[in-house]
Amino acid sequence: DQFSLKDERDLQTSTFIQSPAEAEINAILAVVTQRVIDNVNSIKYNNNFYQPYVALQGSLQLKLYNKGTKAFVIKAFDGSLLASIKDEIHILMEVEKRSPYSKEFDSSPPPKKRIPHKPAPNHPWRSQFFSPKILESHIAKDKKECQE
């Protein structure tokens, strides 16, 4: 009672303000980073590639820009990705990752990884000459013993 607002005049001079709308909160709490458009009209963000789209007549259409055009990627509070390019706001759509094998054009899948070569059991490097005891006896000699 002691510190509560008493009348309408106190309510108008209050330091508390109304909270902004959800859309404003989404825009205020956004993370903005600068990127550059590459030669295939895409922007790399968080190890993924995105292309800018514009909403025209109820559908999304790809917007093309020159290589090197600066863009600001906006990650909104709700997780949506937007881009500000030349003072226009665009929706970013992720580009599909490219597969190394094409079902339509390649006749067989790519070869498997190569297994490294392992020397045969009778290889000279596996002989008794290179055993650890012999190597220690040759390497651990003093200079005086080697000179004699």
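What counts, and where the lines are drawn
- Residues numbered from 1 in each chain as written.
- Predicted model: local features only at pLDDT ≥ 70, side-chain atom pairs only at ≥ 80, totals over all residues.
- Heavy atoms only, no water.
- Core = buried A, V, L, I, M, F, W, Y, C linked by side-chain atoms within 4.5 Å.
- Buried < 20%, exposed > 50% of the residue type's maximum accessible area, 1.4 Å probe, protein only.
- Helix = DSSP H or I, 4+ residues; strand = E, 2+ residues; numbered from the N terminus.
- Contact = heavy atoms within 4.5 Å.
- Polar contact = N/O pair within 3.5 Å; in protein donor to acceptor, adjacent residues only side chain to side chain.
- Pairing = 2+ DSSP bridges.

1. Describing the nonpolar core
Taken as a class, soluble globular proteins show a tendency for nonpolar side chains to be buried jointly. I37, I43, Y45, Y50, Y65, A71, V73, L81, A83, I85 and L92 together form the largest nonpolar core, which totals 11 residues. Of all the secondary-structure elements, those providing two or more residues to this core are β2 (43–45), β5 (70–75) and β6 (81–85). When residues in this core are grouped by element, the largest group, three residues, is from β6. When residues no more than four places from it in sequence are discounted, the contact partners of A71 are T33, Q34, R35, I43, S84 and I85.

2. Observations regarding the side chain of H90
Locating H90 in the fold gives a position in strand β7 (residues 88–94). On the basis of relative accessible area, H90 is assigned to the buried category, the value being 1%. Within polar-contact distance, the side chain of H90 engages the side chain of Y65 at 2.7 Å. Once residues lying within four places of it in the same chain are set aside, the contact partners of H90 are P52, Y53, V54, K63, Y65, L81, L82, A83 and I85.

3. Some words on the pairing of β7
Examined bridge by bridge, strand β3 (residues 48–56) and β7 share four bridges and lie antiparallel to one another. Across the sheet, the residue bridging to Y50 is E94, located in β7. Both β6 and β7 contribute to a ladder of four bridges, which runs antiparallel. The partner of L82 across the bridge, within β7, is I91.

4. Re the environment of I91
Relative to the helices and strands, I91 resides in strand β7. For I91, a relative accessible area of 32% gives the class partly exposed. Spatially, the C-alpha atom of I91 lies 9.8 Å from that of Q61, the residues being 30 residues apart in sequence. Setting aside residues up to four positions removed in sequence, I91 forms contacts with Q51, P52, Y53, L60, L81 and L82.

5. With respect to the pairing of strand β4 (residues 59–62)
Of the strand pairs in this sheet, β3 and β4 are connected by four bridges, and their pairing is antiparallel. Considered in β4, the bridge of A55 is made with L60. In sequence, β3 turns back onto β4 through a hairpin of two residues, with Q57 there showing a positive phi of about 55 degrees.

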